[in-house]
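What follows is each chain in one-letter form.
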Amino acid sequence: MAHKSFSYRGYDIYLAAKQPSKAARGGKMRTMQICWPTIDGGRMIKKSIRYDTTDFYGYSKASKEAMKWIDLQHDILND
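Residues numbered from 1 in each chain as written. Predicted model: local features only at pLDDT ≥ 70, side-chain atom pairs only at ≥ 80, totals over all residues. Heavy atoms only, no water.

## Observations regarding the pattern of salt bridges
Taken as a whole and assessed by the stated rule, the structure comprises three salt bridges. Two residues, Asp-12 and Lys-4, come together in a salt bridge whose shortest N-O distance is 3.4 Å. Its relative accessible area of 12% is what places Asp-12 among the buried residues. One salt bridge in this structure joins Asp-71 and Arg-9, with 3.6 Å as the shortest N-O distance. Here Asp-71 is found in helix H2 (residues 58–78), whereas its partner Arg-9 is found in the loop between strand S1 (3–8) and strand S2 (11–15), with 62 residues between them in sequence. (Salt bridge = Lys/Arg side-chain N within 4 Å of Asp/Glu carboxyl O. Buried < 20%, exposed > 50% of the residue type's maximum accessible area, 1.4 Å probe, protein only. Helix = DSSP H or I, 4+ residues; strand = E, 2+ residues; numbered from the N terminus.)

Written as structure tokens, this is what we have:
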């Protein structure tokens, strides 16, 4: 289950749940999902960004990449 991290320009950014089995096998990647809320209360994943959890700035870099992608989508729709 994903956990909502923050919202930006109508999009919701979720962090995919940590999977202990993958972490136990040495997995260090986590996924940030950019989602668009749907009418029925669900969400549609528009983009996924993976980042390394051992990188101190990994979450920040992924957040910046997500916001850049959302800004680009916003600019494309408003042209």
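## Focus: the environment of Tyr-14
Following the sequence through the fold, Tyr-14 ends up in strand S2. On the basis of relative accessible area, Tyr-14 is assigned to the buried category, the value being 12%. C-alpha of Tyr-14 to C-alpha of Thr-31: the two residues are 17 residues apart in sequence and 8.5 Å apart in space. Among all residues touching Tyr-14, those that are not within four sequence positions of it are Ala-2, His-3, Lys-4, Ser-5, Thr-31, Met-32, Gln-33, Cys-35 and Arg-43. (Contact = heavy atoms within 4.5 Å.)

## Notes on H2
Here H2 spans 30 Å end to end across 21 residues, near enough to the 30 Å set by a 1.5 Å rise per residue. Every buried residue belonging to H2 is among Gly-58, Ala-62, Ser-63, Ala-66, Trp-69 and Ile-70, and all of these are buried. All buried residues of H2 project into a common sector of 125° when viewed along the axis, lining one side. Residues of H2 that are exposed and point more than 90 degrees away from the buried face comprise Lys-64, Lys-68 and Asn-78. The inward-facing, buried residues of H2 contact S1, S2, strand S3 (29–37) and strand S4 (43–52). (Expected span 1.5 Å × (residues − 1). Arc of directions from axis to C-beta.)

## Things to note about the nonpolar core
Within soluble globular proteins, side chains that are nonpolar tend to cluster in buried spots. Counting 11 residues, the largest nonpolar core is built from Tyr-11, Ile-13, Leu-15, Met-32, Ile-34, Ile-49, Tyr-51, Ala-62, Ala-66, Trp-69 and Ile-70. Among the elements of the structure, S2, S3, S4 and H2 are those that each provide at least two residues to this core. Counting residues per element, this core draws most heavily on H2, which supplies four residues. Filtering out sequence-adjacent residues up to four positions away, Ala-62 remains in contact with Met-32, Ile-49 and Tyr-51. (Core = buried A, V, L, I, M, F, W, Y, C linked by side-chain atoms within 4.5 Å.)

## Some details on the environment of Trp-36
Looking at the element boundaries, Trp-36 is found in strand S3. Separated by 23 residues in the primary sequence, Trp-36 and Ile-13 place their C-alpha atoms 8.8 Å from one another. Aside from chain neighbours lying at most four places away, what touches Trp-36 is Gly-10, Tyr-11, Arg-43, Met-44 and Lys-46.

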